[in-house]
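# A closer look at the structure
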Amino acid sequence: MRNKWMPWGVAASLIVALGLVTTGIVVSMHHKVSGGVGVVIHVQPTVSLLDQPVQIRIFHLPPKQLVSITLTSIDALGRTWVSTARFESGSQGEINLATAPSLGGSYTGVQPMGIVSSMKPMAGQSGNYAYWWAASSAQDFHLSVGISGQEVASATFQRLGSAPGVTVTAETLAAQGFIGQFWRPPLGMARRPAILEFGGSEGGLDGQLLGADLASAGYPTLDIAYFKEPGLPQTLSRIPLEYFARALTWLSTQPGVDRQQIYVLGISRGSEAALLLGVHYPALVHGVIAAVPNDAALCSYPGCTGPAWTLNGQPLPYTTQFDNPSPTDNPQAIIPVEEIQGPIFLVCGGADRVWDSCVFADAIMSRLAAHHDSYEHVLYAYASAGHGVGMIVPYEPYQLLPALVDLTGSVPDANHLADATLWPKLLAFLADTTGTP
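Everything quoted here is computed from the prediction, not taken from an experiment.

On to the packing of helix H5 (residues 241-252) against helix H6 (residues 269-280), then. Running from amino to carboxyl end, H5 crosses H6 at an angle of 75 degrees, the nearest separation of the two axes being 11 Å. Accordingly, the angle class assigned to the pair H5 and H6 is roughly perpendicular. Between H5 and H6, the residues in contact are Leu241, Phe244, Ala245 and Leu248 and Ala273, Leu276, Leu277 and His280, respectively. Looking at the contact of H5 with H6 residue by residue, the class counts come to seven nonpolar, one polar and no charged.

Below is the structure:
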């Protein structure tokens, strides 16, 4: 599972100071007098990063009135995205989207950022399933408030793909020995932990959203492809761990990187590689983040005709028993996570229909506990979330194509709700350097 999003260029330098979107909150007030009703919209902040929540409050509405809210935006591909919600105004004529339940529309119930995360492309528009972000400019989101079919107020706020000063460079197989994109935080920052990030069975290079947001939070991030790119294997078959080690070694030498705090982040099938790297390269890997993970190494994909991973030219143990945390055909396929010399961060979805990621995650935690592992290891399990919780970054509008419905959870918006709470937990995990004995 990965998060496709934008055709980034060689660099991304956006238009507001980092402090604006984290501490210097600006209140935006827009109103329109219509039919004798003066309605005021407060949006704060008016400019924010895409992983940051926006508070929207509306005042001076008629009390106990049914009110419709519509949000529209045009993404970097020129597609129009829209969401709607209906609310009943309070006794004082106010609506706070952070606490008021939506009574219908694109989402229902209390979802503080539901009006953003539930946006979908307008009917008849095709293309990639996620909202695409521009490389060098903020993108406008237009909010309209209506009563009885008539607009009574409107406001505009902006969202940014990455913090100012964040840059991205393409790394090539010919030059570096791997294919990737390196997301660098603004220059001049102290050395920080760094992340090597990669996805799962979809292959290719398309983790820009996660790389941009981690770099915006101050963490240098290298997003790599390990198959399904020119010059690489075209299937998830016999992928050498040495390929990842080469990327880790390169990452450790980059300016601004604390080479004693290098994490690997693998999603879905990529979690196998992440955990295996922690086992076999303790000098390069100081912590593992595994999203919707597997506790054992599976066979190649597609086809299950051999090993997915190799080391020193030899197949690593693998199982052909899909969705079994205790494979009987080859028990050695279970990854010895207790050998990882660093903290482990796990996230899973209890309604995962791709595989039982929470069963696998529980197996990993049980194995660590049985071996009295002394490093920090945490599991965030979201009962209603699906495989798509592995997107990790919150508030990203997307529409799942029919082929991707198995990524959804058991209730609408479960993945979005989970990621909204997961993201700050991940940043706190990275910020805590005390997770070692």
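After that view, the rundown keeps rolling.
Estimates place the volume of the second largest pocket at around 170 Å³. If you go around the second largest pocket, the residues you meet are Lys120, Tyr398, Leu400, Thr408, Gly409, Val411, Pro412, Asp413, Ala414, Asn415 and His416. Broken down by element, the lining of the second largest pocket gets its largest block of residues, three residues, from helix H8 (residues 414-431). Tallied by class, the residues present in the lining of the second largest pocket amount to five nonpolar, four polar and two charged.

With that out of the way, let us pick up the packing of aromatic side chains. Evaluation of the coordinates by the stated rule reveals 19 aromatic pairs. Three or more aromatic residues link up through ring pairs in this structure, and these residues are Phe198, Tyr226, Phe227, Tyr243, Phe244 and Trp309. Taking the ring centre of Tyr219 as reference, the NZ or CZ of Arg192 above it sits at 4.4 Å.

All right, on to the sheet that holds strand S12 (residues 179-184) then. The strand order S11-S12-S14-S13-S16-S17-S20-S21 describes an open sheet built from eight strands, whose pairing is mixed. Each edge of the sheet is formed by a strand with only one pairing partner; in this case those strands are strand S11 (167-171) and strand S21 (377-382). Going across the sheet, the axis of each strand differs from the next one's by a mean of 15 degrees, ignoring polarity. Inspection of the sheet shows S11 paired to S12 by five bridges, in the antiparallel sense. Across the sheet, the residue bridging to Thr169 is Phe182, located in S12. Most of the contacts of helix H4 (residues 208-216) go to S12, to which it runs at about 25 degrees, and overall it touches S12, strand S13 (192-198), strand S14 (221-225) and strand S16 (257-267). Across the sheet, H6 is in contact with S13, S16 and strand S17 (287-291); its angle to S16 comes to roughly 145 degrees.

Right, let's get into the packing of H4 against H8. Between H4 and H8, the shortest axis-to-axis distance is 12 Å and the interhelical angle comes to 55 degrees. Comparing their axes, H8 and H4 come out oblique. In this structure, H4 meets H8 at a crossing whose hand is right-handed. Here H4 contributes Leu210, Asp213 and Leu214 to the contact with H8, which in turn contributes Trp423, Leu427 and Leu430.

Here we come to the side chain of Asn294. Residue position: Asn294 is located in the loop between S17 and strand S18 (309-311). Side-chain polar atoms of Asn294 contact the side chain of Glu272, separated by 3.3 Å. Aside from chain neighbours lying at most four places away, what touches Asn294 is Ser271, Glu272, Leu275, Ile335, Trp355, Phe360 and Ile364.

Before going further, it helps to examine the nonpolar core. Inside soluble globular proteins, nonpolar side chains tend to come together where they are buried. Membership of the largest hydrophobic core comes to 58 residues, with the highest contact counts inside it found for Ile41, Ile56, Ile58, Ile115, Val145 and Leu430. Per element, the largest residue contribution to this core is six residues, and it comes from H8. In contact with Leu430, other than residues within four places in its own chain, are Pro193, Ile195, Leu214, Tyr219, Tyr263 and Ile289. Counting 51 residues, the second largest nonpolar core, distinct from the first, contains Phe244, Ala274, Val279 and Trp309.

Thresholds, definitions, all that
- Here, residues in each chain are numbered from 1, in the same order as that chain's written sequence.
- Totals for whole chains, interfaces and linings use every residue, but because this is a predicted model, local features are given only for residues with pLDDT of at least 70 and side-chain atom pairs only at 80 or more, for both listing and counting.
- Side-chain descriptors were evaluated using all non-hydrogen atoms of the structure, hydrogens and water having been removed beforehand.
- Where helices are involved, their axes are fitted lines through C-alpha atoms of the stretch in contact, as for all axes, and angles between N-to-C directions lie from 0 to 180°.
- Secondary structure elements follow DSSP: runs of H or I of four or more residues count as helices, runs of E of two or more count as strands, with numbering from the N terminus.
- With respect to orientation, any angle under 35 degrees is reported as roughly parallel, any angle over 145 as roughly antiparallel, any angle of 65 to 115 as roughly perpendicular, and every other angle as oblique.
- Contacts between residues were defined by any pair of non-hydrogen atoms, one from each residue, lying within 4.5 Å.
- In this classification, the charged set is Asp, Glu, Lys and Arg, the nonpolar set is Ala, Val, Leu, Ile, Met, Phe, Trp, Tyr, Cys and Pro, and all remaining amino acids, among them Gly, are polar.
- The distinction between a cavity and a pocket rests on a 1 Å grid over the protein atoms alone: a 1.4 Å probe fits inside a cavity but cannot get out, while a pocket stays open yet meets protein on both sides within 12 Å along at least five of seven lines, and a residue with an atom within 4 Å of a point counts as lining.
- Grid points are joined across faces, edges and corners, and a volume is the space filled by probe spheres set on the points.
- Aromatic rings from Phe, Tyr and Trp, taking only the six-membered ring of Trp, are treated as a pair when their centres fall within 6.5 Å; an angle between ring planes under 30 degrees marks them as stacked, one over 60 as edge-to-face, and anything in between as tilted.
- Working rule: Lys NZ or Arg CZ, within 6 Å of ring centre, within 35 degrees of ring normal, means a charge sits over the ring.
- Two strands qualify as a pair provided that DSSP identifies no fewer than 2 bridges between them.
- Each crossing gets its hand from how the near helix is turned against the far one by less than a right angle, where anticlockwise is left-handed and clockwise is right-handed.
- Throughout this description, a polar contact denotes any pair of N or O atoms lying within 3.5 Å of each other; where both atoms belong to protein, one of them has to be capable of donating a hydrogen while the other can accept it, and for residues adjacent in sequence the pair is counted only when both atoms sit in side chains.
- Residues grouped as a nonpolar core are buried Ala, Val, Leu, Ile, Met, Phe, Trp, Tyr and Cys residues, joined through side-chain atoms within 4.5 Å.
- The cut-offs for exposure are 20% and 50% of the maximum accessible area for each residue type, with area from a 1.4 Å probe on protein chains only; residues under the lower value are buried, those over the upper are exposed, and the others partly exposed.

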